[in-house]
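Structural characterization, general
So you can see what is in the structure, the chains are spelled out below.
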Amino acid sequence: MKQLKFNIIFLLLIITSGWNSTRLLAQENLSIIEIDKLTYDYFNQKKWNELIDLGKQSLKNNIDFYYLQYRMGIAYYNKRNYRKAIPYFENVVSITPEDAIAKEYLYYSYLFGLQVEDARNVLVSLNTAEHREKISFYNQEKTINGVSLNYKNILFDDYAINNTVVDNLTQRTRNSLSYYSVNLFNYAANSSIFDFNLSLLSGKNSIYDIAYSPEIIEEKMKQYQLYFSWNKHIGKGTNLKFGLTYMNETLDWNELQQTTTGNVNSPNQTLIYNGSFSNFASYFSFSKTMKNVDFTLASSFSRINSNSLIQPSISISYFPLGNASLYAKTDVFYQHNFTYQSNKNIVLKQSINSTISPNFGLNIFGLYGKIFNFVDDEGMTMYNNLDALNYWYGASANYYFSNKVQFYVILKNEGLINQYTQDEIIIDNPYNSRSILMGMQFNF
């Protein structure tokens, strides 16, 4: 037993001594020529971890040279840690700006690291039009670089209160809704992205209000919405974005009545109300990329359902692997209602995104916080439902047939709170809605 303990101790001393010797060799004894040879050998053998470890120790001890930067960048690139590769390729390109291969590495590192506007800046700096056309993810000669078409169906719980049981009832409930949208975007030559969206939401609601009719009133609803945004790249990892949204909503109330002609009863609709309402929102954001973290400070100002609101927010996206295979995004919103000063709300939104394969991506998301008249999706979406939004959760999936065609589907469950009046007392009535959105995107 004593001999066994001695052998274990002796083995540990050898391992520790060897580790310390290797560390000492890397830190003190190796010359630039020897590090150049070792990193070159690691590069040829594709020993990326060993190359990175030796390179980091060398840089820590102020041993730096052109090919070390090049090899470190390629090592991180092959490990798919694109955001770690970026500064090394930037150093290489700053020394040899004519190196098209280094620029291509830098371009793809930005692109696969989801720094699209930085990638576009590298693309336009390539030496030949042929090279730019070969690797570009969009056609620089096109006015429209992409179009997406979407359809969404929204279903609601049956949360209507029985008006034959409850007296003096006033309630408005939503039935199924359908949503259609078309989106166009353009990558402009001046480091800008322009986005245009036109959408239609249509459906029917049911209203029971004895002040208007003893029967259930059918409300036909249509919402037309126009959205425009402009994203400007103002520096490395830095973007400004401005968006405007205009929504027009039309409502028609029809009373259902039975008409008798001879011995035949037939339903008849009588229009008792129609109206048109406008809502709008503006959005502004400043975003900055710092290594594996993206920060965004934003705010929206909106006029929804005759309420004036401001909604500042902060967003943090974290890329632990330096690529799009796994990253998380957290948004915190604060909403202040100028019309009703007591209405101040904080909302938390979280998503986790993953790329399962080069052709398939998955995203889960959720939101928590009771809120009315909410502005989301960088100003493109306005929740103008009269019922309070309490939470939502869901998942989305993307499938890329090619770099030109993408199919996606989004499943979502929302928790809402309907308020109805009984004998002039306001009562909360929670319910859920479920939606499925399907869309196709085509890139040109």
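Think of each chain on its own: its residues are numbered from 1, step by step along the sequence as written. Totals for whole chains, interfaces and linings use every residue, but because this is a predicted model, local features are given only for residues with pLDDT of at least 70 and side-chain atom pairs only at 80 or more, for both listing and counting. Computation of side-chain values covers all heavy atoms of the structure but excludes hydrogens and water.

Here we take up helix 2 (residues 32-44). A run of H or I in DSSP counts as a helix once it spans at least four residues, and a run of E counts as a strand once it spans at least two, with each numbered from the N terminus. Take the residue count of a helix, subtract one, and multiply by 1.5 Å to get its expected span. For helix 2, spanning 13 residues, the distance from its first C-alpha to its last is 18 Å, which sits close to the expected 18 Å at 1.5 Å a residue. Backbone geometry just after helix 2 places Lys46 at a positive phi near 60°.

All right, on to the nonpolar core then. Within the largest apolar cluster, 38 residues are counted, with the highest numbers of intra-cluster contacts made by Tyr70, Phe89, Leu106 and Tyr107. For this core, the elements supplying multiple residues, two or more each, are helix 3 (48-60), helix 4 (66-78), helix 5 (82-95), helix 6 (100-112), helix 7 (116-124) and strand 2 (169-188). Per-element accounting of this core gives the leading share, 8 residues, to helix 4. With residues up to four places along the chain from it excluded, the contact list for Tyr70 reads Phe89, Val92, Asp99, Ile101 and Ala102. If you look at the next biggest cluster of nonpolar residues, it comprises 12 residues, including Ile154, Tyr159, Leu416 and Tyr431. We call a set of buried Ala, Val, Leu, Ile, Met, Phe, Trp, Tyr and Cys residues a nonpolar core when their side-chain atoms join them within 4.5 Å. Using a 1.4 Å probe on the protein chains alone, a residue whose accessible area is under 20% of its type maximum counts as buried, one over 50% counts as exposed, and one in between counts as partly exposed. Contacts between residues were defined by any pair of non-hydrogen atoms, one from each residue, lying within 4.5 Å.

What follows deals with the pattern of salt bridges. Salt bridge, as used here, is a side-chain nitrogen of Lys or Arg placed within 4 Å of a carboxyl oxygen of Asp or Glu. In the structure shown here, the tally under the stated rule is 11 salt bridges. Between Arg71 and Asp36 there is a salt bridge, with the nearest N and O atoms lying 2.6 Å from each other. Placement of Arg71 in helix 4 and of Asp36 in helix 2 is noted, with a sequence separation of 35 residues between them. Look at Asp36 and you get partly exposed, because its relative accessible area is 29%. Across the salt bridge formed by Glu414 and Lys412, the nearest N and O atoms sit 3.5 Å from each other.

What follows covers the environment of Ser213. With respect to the helices, strands and loops of the structure, Ser213 is situated in the loop between strand 3 (192-209) and strand 4 (217-235). A relative accessible area of 0% means that Ser213 is categorised as buried. When the C-alpha positions of Ser213 and Ile272 are compared, they lie 9.4 Å apart, and in sequence the two are 59 residues distant.

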